[in-house]
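Fold and contact review
Each chain, letter by letter, is given below.
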Amino acid sequence: MIARVRGRIVSVEPRCIVDVGGVGLELAIPEKDRETLAPVDGETVFHTHLVVREDSLSLFGFLHREDRDLFLKLISVSGVGPKIGLAALAHHSASRLASAIRGGDSVFLSKIQGIGKKTAERLVVDARQVLHAPDVAEVRVLGADARVVEPGRDRLGLEHL
């Protein structure tokens, strides 16, 4: 798994190319990230996810870890693939999308390119459960009381890897 890429941006159109030690990696990135990037001399860090298919390898990159974490949650929903996950994050922050999912706002979600009414409703039902389900929880016992502490969680309830 390729979890993070740090390198110099060579180009951003049509796909982002990042030079990592002399190797140009092609990343599919959300449109909002593309708009903030330009080829520069300095290094940029992307939080990534590698999608392996029978006929292709696709590397998806995100400037913000919360975006990548939500992307992973979205593509875990049946019927939502990486293209739809990327489209969902194209113009909206992870916190806005998570809020829409938790709030059951299928109208907002159906306005995202590639997401129709049925997929939006499925996202509301399935992704809401995924967003609320803790992946790893540490139980601390204090006297007779037990409580769940979720280390490494951000404000969206997503675990940082």
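Residues numbered from 1 in each chain as written. Predicted model: local features only at pLDDT ≥ 70, side-chain atom pairs only at ≥ 80, totals over all residues. Heavy atoms only, no water.

**Points about the overall build of the protein chain**
Looking only at helices and strands, one finds six helices and seven strands in the protein chain. A burial count over the protein chain gives 37% of its 161 residues as buried. Of the contacts made within the protein chain by residues no fewer than 6 positions apart, 50% connect residues no fewer than 24 positions apart. Working note: accessible area of the protein chain is about 9,000 Å², and carbon and sulfur atoms make up 51% of it. (Helix = DSSP H or I, 4+ residues; strand = E, 2+ residues; numbered from the N terminus. Buried < 20%, exposed > 50% of the residue type's maximum accessible area, 1.4 Å probe, protein only. Contact = heavy atoms within 4.5 Å. Areas by Shrake-Rupley, 256 points an atom, 1.4 Å probe, with all protein chains shown as cover.)

**What about the side chain of Arg34?**
Counting through the fold element by element, Arg34 comes out in helix H1 (residues 31–36). On the basis of relative accessible area, Arg34 is assigned to the buried category, the value being 10%. Among the polar contacts made by the side chain of Arg34, one reaches the main-chain carbonyl oxygen of Val12 at a distance of 2.3 Å. Filtering out sequence-adjacent residues up to four positions away, Arg34 remains in contact with Val12, Glu13, Pro14, Arg15, Cys16 and Ile29. (Polar contact = N/O pair within 3.5 Å; in protein donor to acceptor, adjacent residues only side chain to side chain.)

**Some words on the environment of Leu70**
In this structure, Leu70 sits in helix H2 (residues 65–75). On the accessibility criterion, Leu70 (0% relative accessible area) is buried. Distance in space between the C-alpha atoms of Leu70 and Leu97 is 8.5 Å, their sequence separation being 27 residues.

**With respect to the nonpolar core**
Counting 27 residues, the largest nonpolar core has Phe60, Leu70, Leu74, Leu97, Leu109 and Leu123 as the members making the most contacts within it. Not counting the four nearest positions on each side in its chain, Phe60 is found in contact with Leu27, Ala28, His47, Thr48, His49, Val51, Phe71, Pro82 and Leu86. Of all hydrophobic cores here, the second largest spans 10 residues; its members include Val12, Cys16, Leu27 and Leu59. (Core = buried A, V, L, I, M, F, W, Y, C linked by side-chain atoms within 4.5 Å.)

**Focus on the confidence of the model for the protein chain**
The pLDDT averaged across the protein chain works out to 82; a share of 80% of its residues lies at or above 70. A low-confidence stretch, residues 134–150 stays under pLDDT 50, and its non-local contacts, those more than four residues away or across chains, total 22 contacts. (pLDDT = per-residue confidence, 0-100.)

**Quick word on the pairing of strand S5 (residues 57–62)**
Pairing analysis gives six bridges linking strand S4 (residues 43–52) to S5, with the strands arranged antiparallel. Paired with Val51 across the two strands is Ser58, which belongs to S5. Here S4 folds back onto S5, and the loop between the two strands holds four residues. (Pairing = 2+ DSSP bridges.)

**Let's talk about the packing of H2 against helix H4 (residues 94–102)**
Any two packed helices are characterised by the angle at which their axes cross and by the distance between the axes. At their nearest, the axes of H2 and H4 sit 9 Å apart, and the two run at 35 degrees to each other. Along the contact surface, H2 presents Glu66, Asp67, Leu70 and Leu74, while H4 presents Ala94, Leu97, Ala98 and Ile101. The residue makeup of the contact of H2 with H4, split by class, is six nonpolar, no polar and two charged. (Axes fitted to C-alpha atoms, helices over the stretch in contact; angles between N-to-C directions. Nonpolar A, V, L, I, M, F, W, Y, C, P; charged D, E, K, R; others polar.)

**What about the pattern of salt bridges?**
With the rule as written, the count across this model stands at six salt bridges. For Arg6, the salt bridge is made with Glu43, and the minimal N-O distance between the two is 3.2 Å. Within this pair, whereas Arg6 is found in strand S1 (residues 4–11), its partner Glu43 is found in strand S4, the two being separated by 37 residues in sequence. Arg68 serves as the salt-bridge partner of Asp69, at 3.1 Å between the closest nitrogen and oxygen. The pair formed by Asp69 and Arg68 is uniform in burial state, with each residue classed as buried. (Salt bridge = Lys/Arg side-chain N within 4 Å of Asp/Glu carboxyl O.)

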